[in-house]
Amino acid sequence: MKTRYWILIFALIVVICAVLTVCFFSETSASEQAYVYSDGALTMTLDLKENGEYRVRFGEDWNIITVKDGKVAVTSASCPSQDCVKHGFSDRGAPIVCLPNRLTIEFSSDASYDALIG
């Protein structure tokens, strides 16, 4: 009889571990909005559910931002290095930055994500 209890307890622990693994390591939901800052000021808020193309100017410089299938990218820019264009499409994580044109694209995040980071 004791062996059955140990098997039941072990099976229960395995199920709990499996559920926790799925909860913690599953892919988090993507952001729904992106915030475009030009020279530190919020220029526009992009809804990632709507595809579109937007032009952001900073003096003589410009960036073209494309929203496609819930992801955003800088697809063209007047800067010489083109690092922001090489970043590609993204929907979460590190911001997309164009230093010469003073452009930053940040993503909205869940409160639970912020709690994990600190």
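Our subject is the structure listed above.
Residues numbered from 1 in each chain as written. Predicted model: local features only at pLDDT ≥ 70, side-chain atom pairs only at ≥ 80, totals over all residues. Heavy atoms only, no water.

Q: Help me understand the sheet that holds strand β2 (residues 41-47) in this model?
A: In any sheet, the strands associate via hydrogen bonds between backbone groups, in a parallel or an antiparallel arrangement. The strand order β2-β1-β7-β6 describes an open sheet built from 4 strands, whose pairing is antiparallel. In this open sheet, the two strands that pair with only one neighbour each are β2 and β6 (96-98). Pairs of neighbouring strands in the sheet enclose a mean axial angle of 20°, with direction left out of account. Across 6 bridges, strand β1 (residues 33-38) lies against β2 in antiparallel orientation. (Pairing = 2+ DSSP bridges. Helix = DSSP H or I, 4+ residues; strand = E, 2+ residues; numbered from the N terminus. Axes fitted to C-alpha atoms, helices over the stretch in contact; angles between N-to-C directions.)

Q: Just checking my understanding: could you explain the nonpolar core for this structure?
A: If you look at the biggest cluster of nonpolar residues, it comprises 17 residues, and the most contacted ones within it are Ile65, Val72, Val74, Leu103 and Ile105. Sorting the residues of this core by element identifies β1, β4 (61-68), β5 (71-77), β6 and β7 (103-107) as the ones contributing at least two each. For Ile105, the contacting residues outside a window of four places in its chain are Ala34, Tyr35, Val36, Ile65, Val72, Val74, Pro95 and Ile96. (Core = buried A, V, L, I, M, F, W, Y, C linked by side-chain atoms within 4.5 Å. Buried < 20%, exposed > 50% of the residue type's maximum accessible area, 1.4 Å probe, protein only. Contact = heavy atoms within 4.5 Å.)

Function-wise, these values are silent; they only describe arrangement.
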